[in-house]
Amino acid sequence: MKRTAIITGIVFVVALAVLLTGCTMGEKDATVAEIDAVNGGTVGDGTVEIVVEAGQESLDLSNKLATESDAPWSLYRDRACTEEIADKVVPGEGYSLKNGDNVYYIVVESLDGNIKATYVLTVHKQYTVTARILNAAGEQLSSETVLSHTAYKPLNETVIPTGYRLEGWISTDPAWDNDGIIRRDTDFTAVIAAKSYTVTYSLKEGESLPVGTDAAAKVTFDSEYILAVPLNSDSGLYFVGWRSAIDDDLMLTDETGKSLAVWSRDAGLSVVAVWSDVQPPVADPVP
């Protein structure tokens, strides 16, 4: 009786193991042929990208890919998928990885064998590339060599002239504009914009600004500007223009408030009204 019980127990354990194995297999999706992840790389829409260091001659891919439901995959040298690299080591026997992009093809097959998906694999071998820094006028200011396929941000303070701010960069590689990764020799042209400054009206007793005029105005570097024409309770005086509050001899505008020159100061300024008992000559009308 004891011997029979032991045999029955063994049969039960074996049957349970088969049942559990069957449940595990049942959880896998037999109709999916996808790459889930790449160790040391990225997966896109039908693409796989891996970056290797300069000097590396080959890359073993056998343990780098994770597929949905552990679906099997094969590696090929050609788009038609006729030259298989059976050991999954690129670039394959008799070849070596070249600098830059090395392209191969991966075919993933679903567990039921009904679906195949092809991915374009790019193995980028890093090499030195040149980044040229240009000012907004297109003149080269500097250059440097960096490793390809690395994050790169131009940095050159001399690219920003006085009175301007750096807005960003335009490169000769649209891909860098999207992700900031330098891939090849690339020119970077600075995008700059003129700064704005505040001009504050410094009024004396008896002076005022027209109704609705702000106590300060905005001016833009390297541009002409117009300031408000002030009022004076002493009707016997005529407005001549605005001058710098820190330089009595620096006249900034004429009697209409129009600038005598473009703004060239890299800062804001207070202005003082200049008056005269002699009426300024009236300018001839523009024909």
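First things first, this report covers the structure right here in the doc. (Residues numbered from 1 in each chain as written. Predicted model: local features only at pLDDT ≥ 70, side-chain atom pairs only at ≥ 80, totals over all residues. Heavy atoms only, no water.)

### Details of the pattern of salt bridges
How we decide: The salt bridge definition used is simple: a Lys or Arg side-chain nitrogen within 4 Å of an Asp or Glu carboxyl oxygen. Each helix is a run of DSSP H or I of at least 4 residues and each strand a run of E of at least 2, with the numbering of both proceeding from the N terminus. Only protein chains enter the area calculation, which uses a 1.4 Å probe; residues under 20% of their type maximum are buried, those over 50% are exposed, and those in between are partly exposed.
Here the structure, examined in full by the defined rule, presents eight salt bridges. Among the ionic pairs, Lys195 bridges to Asp266, the shortest N-O distance being 3.9 Å. One end of the pair, Lys195, is in the loop between strand E15 (186–194) and strand E16 (196–202); the other, Asp266, is in the loop between strand E20 (238–244) and strand E21 (269–276), with 71 residues separating them in the sequence. Its relative accessible area of 39% is what places Asp266 among the partly exposed residues.

### Details of the nonpolar core
Condition: Among the buried residues, those of types Ala, Val, Leu, Ile, Met, Phe, Trp, Tyr and Cys that are joined through side-chain atoms within 4.5 Å form a nonpolar core. Should any heavy atoms of two residues lie within 4.5 Å, those residues are counted as being in contact.
Within the largest apolar cluster, 22 residues are counted, with the highest numbers of intra-cluster contacts made by Leu75, Val90, Ile106 and Leu121. Of all the elements in the fold, those that place two or more residues in this core are strand E1 (35–38), strand E3 (47–52), strand E6 (73–76), strand E8 (100–109) and strand E9 (116–125). The element contributing the most residues to this core is E9, with four residues. Beyond its immediate chain neighbours, meaning those up to four positions away, Leu121 contacts Val48, Ile50, Leu61, Leu75, Asn102, Val103, Tyr104 and Ile106. In this structure, Tyr197, Val199, Phe221 and Tyr225 belong to the second largest nonpolar core, which totals 19 residues.

### Things to note about a negative patch on the surface
Test applied: For patch detection, residues must exceed 30% relative accessible area and be free of salt bridges, and they are connected within 9 Å for like charges or within 5 Å for nonpolar side chains (Val, Leu, Ile, Met, Phe, Trp, Tyr). With residues, only the protein chains shown are counted as cover, and all accessible areas are computed by Shrake-Rupley using a 1.4 Å probe. Residues counted as positive are Lys and Arg, residues counted as negative are Asp and Glu, and His and the chain ends are not counted. Taken as the charge centre is NZ of Lys, CZ of Arg, CG of Asp or CD of Glu, depending on the residue.
A contiguous patch of negative charge on the surface is contributed by Asp29, Glu34, Asp36 and Asp112. Here Asp29 is to be found in the loop between helix H1 (2–26) and E1. Judged by relative accessible area, Asp29 falls into the partly exposed class, the value being 31%.

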